[in-house]
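# A structural walkthrough
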Amino acid sequence: MRLTDNDFQLFGLPEAQAQDRAAIDARWKSLQAEVHPDRFASEGAAAQRVAMQWAMRVNEAYQRLRNPLARAAYLCELRGAPVQAENNTAMPAAFLMQQMEWREALDEAGDEAALEALDDDAARAEAAALEQARSLLDEVGDAPAAASQVRALMFIQRFRADIDKRLAALDA
């Protein structure tokens, strides 16, 4: 185990989108137990600094691996197709139309039922897009197409967060 290992190597996992969340959680706990700075308290400041670096590296990897969207983006990057969401907003025309329809529906949604129905629709789209990204990464081996799916997923998650804000405003 080296600090320079990629997240999957660090956690002893296959480089794949499909992962068992319980296995990721269990491995994180095990790694944390190995590298926690408190274990090195009697070994001096230098050993504790190194342990702190390890603990931070393990936590960083855990945050990426446990989140399916972050994991997909990371896999795309490892496979030479970084998502680059900040400068690449290209989307298929059908998805752009879906975005516009969702935004209009969100603007028009006047009650909790309408917002929840919209969120259900977006949740189904999110699940389908995650499955498509998994297939592109794990079966097809098309990281550039998966990166496009990840960009779409980022939009869907932002949209669902906007729905949550509107629902919270109704409850306030």
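The preceding data block contains the structure.
As a starting point, this report considers the structure included with it. Counting restarts for each chain, with residues numbered from 1 along the sequence as it is written. Confidence filtering applies because this is a predicted model: local features only for residues at pLDDT of at least 70, side-chain atom pairs given and counted only at 80 or more, and all residues used for totals across whole chains, interfaces and linings. Derived side-chain values reflect all non-hydrogen atoms in the structure, with water molecules and hydrogen atoms excluded from consideration.

### Some details on the environment of F155
Each helix is a run of H or I in the DSSP string that is no shorter than four residues. Each strand is a run of E no shorter than two, and both are numbered from the N terminus. Structurally, the position occupied by F155 is in helix α7 (residues 143-171). Accessibility here uses a 1.4 Å probe with only protein chains present; expressed as a share of the type maximum, an area under 20% marks a residue as buried, one over 50% as exposed, and anything in between as partly exposed. For F155, a relative accessible area of 9% corresponds to the buried category. Linking F155 and R27, residues 128 residues apart in sequence, is a C-alpha distance of 30 Å. Residue contacts follow a heavy-atom distance rule, with two residues in contact if any of their heavy atoms lie within 4.5 Å. Setting aside anything within four residues of it in sequence, one finds F155 in contact with F95, Q99, W102 and R103.

### Section: α7
Take the residue count of a helix, subtract one, and multiply by 1.5 Å to get its expected span. For α7, with 29 residues, the first-to-last C-alpha span of 41 Å sits near the 42 Å given by 1.5 Å per residue. Polar contacts, as used here, are pairs of N or O atoms within 3.5 Å; protein pairs need one atom able to donate a hydrogen and one able to accept it. Residues neighboring in sequence count only if both atoms are side-chain atoms. The backbone nitrogen of A145 lies 3.1 Å from a side-chain oxygen of the residue at the head of α7, namely D142.

### Considering the environment of A70
Considering the arrangement of structural elements, one finds A70 in helix α4 (residues 68-78). Along the primary structure A70 and R39 are separated by 31 residues, whereas in three dimensions their C-alpha atoms are 30 Å apart. Once residues within four sequence positions are removed from consideration, A70 is found in contact with Q63 and R64.

### Some remarks on helix α3 (residues 45-66)
Since the α-helix packs 3.6 residues into each turn, any two residues three or four apart lie on the same face. Its 22 residues place the ends of α3 31 Å apart at the C-alpha level, agreeing with the 32 Å of an ideal helix rising 1.5 Å per residue. Buried residues of α3: A47, A51, W54, A55, R57, V58, A61, Y62 and L65, and no others. The arc that holds every buried residue of α3, seen down its axis, measures 165°, which confines them to one face. Relative to its buried face, α3 has exposed residues pointing more than 90 degrees away, namely R49 and M56. Contacts from the buried residues of α3 go to α1 (7-11), α2 (21-35) and α4. The arc in question is traced by the directions running from the helix axis to the C-beta atoms.

### Topic: the packing of aromatic side chains
We call Phe, Tyr and Trp rings a pair once their centres come within 6.5 Å, taking the six-membered ring for Trp, and we label the pair stacked below 30 degrees between planes, edge-to-face above 60, and tilted otherwise. Considering all chains together, one arrives at six aromatic pairs under this definition. Taking the centre distance of 4.5 Å and the plane angle of 15° together, the rings of W28 and Y62 count as stacked. Here W28, found in helix α2, pairs with Y62, found in helix α3; they are 34 residues apart in sequence, far enough to count as distant. Residue classification places W28 among the partly exposed positions, given a relative accessible area of 24%.

### Notes on the pattern of salt bridges
Salt bridge, as applied in this entry: a Lys or Arg side-chain nitrogen positioned within 4 Å of an Asp or Glu carboxyl oxygen. On inspection of all chains with the given rule, the structure shows 13 salt bridges. In this structure, R57 and E60 form a salt bridge, with 3.7 Å as the shortest nitrogen-oxygen distance. Taken together, the residues R57 and E60, both in helix α3 and three residues apart, mark about one turn of the helix. What makes E60 partly exposed here is its relative accessible area of 42%. Taking the shortest distance from any N to any O, the salt bridge between E126 and R160 comes out at 2.5 Å. Of this pair, E126 sits in helix α6 (residues 112-140) while R160 sits in helix α7, and the two are 34 residues apart along the sequence. According to the relative accessible area criterion, R160 is partly exposed, its value standing at 23%.

### So, the side chain of E126
A residue is classified by how much of its surface remains accessible, and E126, at 11% relative accessible area, is buried. Once you skip the residues sitting within four places of it in the chain, E126 turns out to touch L153, I156, Q157 and R160.

### Things to note about the packing of helix α5 (residues 93-108) against α7
For the pair α5 and α7, the least separation of the axes is 11 Å and the interaxial angle reads 5°. Viewed along their axes, α5 and α7 adopt a mutual orientation that is roughly parallel. Across the interface between the two elements, F95, Q99, W102, R103, L106 and D107 of α5 pack against A152, F155, I156, F159, D162, I163 and R166 of α7. Grouping the constituent residues of the contact of α5 with α7 by class yields eight nonpolar, one polar and four charged. Whenever a helix is involved, its axis is fitted only over the stretch in contact; in every case the axis is a line through C-alpha atoms, and angles between N-to-C directions fall within 0 to 180 degrees. Oblique is the label for every angle not falling under 35 degrees (roughly parallel), over 145 degrees (roughly antiparallel), or within 65 to 115 degrees (roughly perpendicular). Ten residues, namely Ala, Val, Leu, Ile, Met, Phe, Trp, Tyr, Cys and Pro, are considered nonpolar, four, namely Asp, Glu, Lys and Arg, are considered charged, and the remaining ones, Gly among them, are considered polar.

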